[in-house]
Amino acid sequence: MQQSSLRHELHNRWPQAETVSDFEHNLKAVHARIAAACERAGRDPAGVRLLPISKTKPEPTLRMAYAAGCRYFGENKPQEAYRKWEAMQDLSDLRWSVVGHLQTNKAKLVARFATEFQALDSLRVAEALERRLQMEGRSLDVLVQVNTSGEESKFGLPPDNVAAFLRELPAFSALRVRGLMTLAVFSSDAQQVRPCFVRLRELRDRLRQEAPADVSLEELSMGMSGDFEIAIEEGATIVRVGQAIFGARATPDSHYWPSGEK
Ligand SMILES: *Cc1c(COP(=O)(O)O)cnc(C)c1O
């Protein structure tokens, strides 16, 4: 399917959440889909964390999602996330996860407010985060992003480079390694999507044997609005869901993960 017609279809499927009760309804529906996928896979739903992805949505909308029960938001862009965190400090039990690629010059923002960073894929970024976290007296949960689709344009380490990368991470005492994260190919075809998730799980299972003692690989962050059931069937412990909770986004996904083609 063409990306443009796929996007059109998603807009019809995911109307904008505009009230607290819209959010309650959407969250309930997503949790029901998670439960059904867990049932099929023989898994306990308690082993799957739903991370609502609030990128592009304005602060009042996030406050409605909070009122409906969300206590954790995922954002793709550090500046946007930082701005929202600053504006919502009155909600003291709200936590933030940054799920998008980070440039070293934005590490200081992430070090200041984030609880979790899911897109670690270079030692330069690890170094920059470590230095800033030390200054802030904070620590950060991190997931290592892996490119499981083989697409040039996707961020993340090639699977073959992950073992060596993990061996370097215990040197960064402010980073608590929790697991791996991936984005599958952007496709509505399960047969293309599923192998990406399988690849991440198999890589994790292999690396678990040899990972340094203080590197945990418990978490597998994989699956989004269109594919999280498949991800759960393949072992996801965190699903990152935006549009199925908040409604379709106007911004094309190529803004977040360059597709290399227009
Ligand atoms: C936007 C985004 C998501 C969520 O995508 P939806 O289609 O809105 O569910 C998940 N992961 C990352 C890294 C994202 O940037």
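Above this text sits the structure in question.
Residues numbered from 1 in each chain as written. Predicted model: local features only at pLDDT ≥ 70, side-chain atom pairs only at ≥ 80, totals over all residues. Heavy atoms only, no water.

Considering the pairing of strand S3 (residues 95–98)
Selection criterion: One requirement defines pairing of two strands: DSSP has to find at least two bridges between them. Elements are defined by DSSP. Helices are runs of H or I of four residues or more, strands are runs of E of two residues or more, and each kind is numbered from the N terminus. Seen with the strands pointing away from the viewer, any crossover whose path from the first strand over the helix to the second strand runs clockwise is right-handed.
Across 4 bridges, the pairing between strand S2 (residues 72–75) and S3 is parallel. Note that in S3 the partner of Phe73 across the bridge is Trp96. A crossover connection joins S2 to the parallel S3 through helix H4 (residues 78–87); in handedness this β-α-β unit is right-handed. Note that S3 and strand S4 (residues 116–120) share 2 bridges and pair parallel. In the sheet register, Ser97 faces S4, and the bridge partner there is Glu116. Each parallel crossover has a hand, and the one from S3 via helix H5 (residues 107–113) to S4 is right-handed.

Observations regarding unusual backbone geometry
Residues other than glycine seldom take positive phi values, yet Thr56 does so here, at roughly 70 degrees. Inspection of the secondary structure puts Thr56 in the loop between strand S1 (49–52) and helix H3 (59–67).

Considering the pattern of salt bridges
Should the charged atoms of two oppositely charged side chains come close, the side chains can pair. For the record, the criterion: Salt bridge, as used here: a side-chain nitrogen of Lys or Arg that lies within 4 Å of a carboxyl oxygen of Asp or Glu. In this scheme, a residue with accessible area under 20% of its type's maximum is buried, one over 50% is exposed, and one in between is partly exposed, where area comes from a 1.4 Å probe on protein chains only.
In the structure shown here, the tally under the stated rule is 17 salt bridges. With its nearest N and O atoms 3.4 Å apart, the salt bridge here joins Glu136 to Arg112. Here Glu136 is found in helix H6 (residues 123–136), whereas its partner Arg112 is found in helix H5, with 24 residues between them in sequence. One salt bridge connects Arg201 with Glu234, and the closest N-O pair in it is separated by 2.6 Å. Of the two residues, Arg201 is situated in helix H8 (residues 190–210) and Glu234 in the loop between helix H9 (228–233) and strand S8 (238–241); the sequence distance between them amounts to 33 residues. Residue Glu234 is classed as buried on the basis of its relative accessible area, which comes to 11%.

Considering the side chain of Glu116
Quick reminder of the rule: The contact definition used throughout considers only heavy atoms, calling two residues in contact when any of these lie within 4.5 Å.
Within the element layout of this structure, Glu116 appears in strand S4. The class of Glu116 is buried, set by a relative accessible area of 2%. Among residues more than four places away in sequence, those in contact with Glu116 are Arg49, Leu51, Tyr72, Trp96, Ser97, Val98, Leu140, Asp141, Leu143 and Ile238.

Some remarks on the nonpolar core
To keep it simple, the criterion reads: Here, nonpolar core means buried Ala, Val, Leu, Ile, Met, Phe, Trp, Tyr and Cys residues that are tied together by side-chain atoms lying within 4.5 Å of each other.
Counting 78 residues, the largest nonpolar core has Phe117 and Leu129 as its most contacted members. Every residue in contact with Phe117, bar those within four places of it in the chain, is listed here: Val98, Gly100, Leu102, Val125, Leu129, Leu140, Asp141, Val142 and Leu143. Formed by 7 residues, the second largest nonpolar core is a distinct cluster that contains Ile53, Tyr72, Val99 and Ile238.

Considerations on the environment of Tyr256
For Tyr256, the position within the fold is in the segment after helix H10 (243–246). The class of Tyr256 is buried, set by a relative accessible area of 6%. C-alpha separation for the pair Tyr256 and Arg13, spaced 243 residues apart in sequence, amounts to 21 Å. If near-sequence neighbours (up to four positions away) are discounted, Tyr256 is found in contact with Lys55, Thr56, Asn76, Lys77, Glu80, Phe155 and Thr251.

Side note on the environment of Glu168
Residue position: Glu168 is located in helix H7 (residues 162–168). Between the C-alpha atom of Glu168 and that of Pro212, which follows or precedes it by 44 residues, the distance is 9.1 Å.

Overview of the site of the ligand
Keep this limit in mind: To be near a molecule or strand, a residue needs just one of its heavy atoms within 4 Å of it. Two N or O atoms count as a polar contact when they lie within 3.5 Å, although within protein this holds only if one can serve as hydrogen donor and the other as acceptor, and sequence-adjacent residues are included solely when both atoms are side-chain atoms. The Shrake-Rupley method, run with a 1.4 Å probe sphere, supplies the accessible areas, and residue values consider only the shown protein chains as cover. Think of it as three bins: nonpolar holds Ala, Val, Leu, Ile, Met, Phe, Trp, Tyr, Cys and Pro, charged holds Asp, Glu, Lys and Arg, and polar takes everything else, Gly as well.
The immediate surroundings of the ligand are formed by 13 residues, with Lys55, Asn76, Ser225, Arg240 and Arg249 found nearest. Here a nitrogen atom of the ligand and a side-chain polar atom of Arg240 are 2.8 Å apart. Here an oxygen atom of the ligand and a backbone polar atom of Gln243 are 2.8 Å apart. In isolation the ligand offers 390 Å² of accessible surface; the protein chains occlude 98% of this area. Across the shell around the ligand, the residue classes break down as 6 nonpolar, 4 polar and 3 charged.

Observations regarding the packing of aromatic side chains
The condition is simple: For Phe, Tyr and Trp, where Trp contributes only its six-membered ring, two rings pair if their centres lie within 6.5 Å, and the inter-plane angle classes them as stacked under 30 degrees, edge-to-face over 60, or tilted in between. Here, a charge over a ring means that NZ of Lys or CZ of Arg falls within 6 Å of the ring centre while also lying within 35 degrees of the ring normal.
All chains considered together, the criterion is met by 6 aromatic pairs. Taking 5.4 Å as the distance between ring centres and 40 degrees as the angle between the ring planes, the aromatic pair formed by Tyr82 and Trp85 counts as tilted. In this pair, Tyr82 and Trp85 both sit in helix H4, 3 residues apart, roughly one turn of the helix. Here Trp85 falls in the buried class, since its relative accessible area comes to 19%. In this structure an aromatic cluster arises from ring pairing among Phe23, Phe73, Trp96 and Phe246. The aromatic ring of Tyr66 is capped on one face by Arg71, whose charged end is 3.7 Å from the ring centroid.

None of the figures reported here should be taken as evidence of function without further support.
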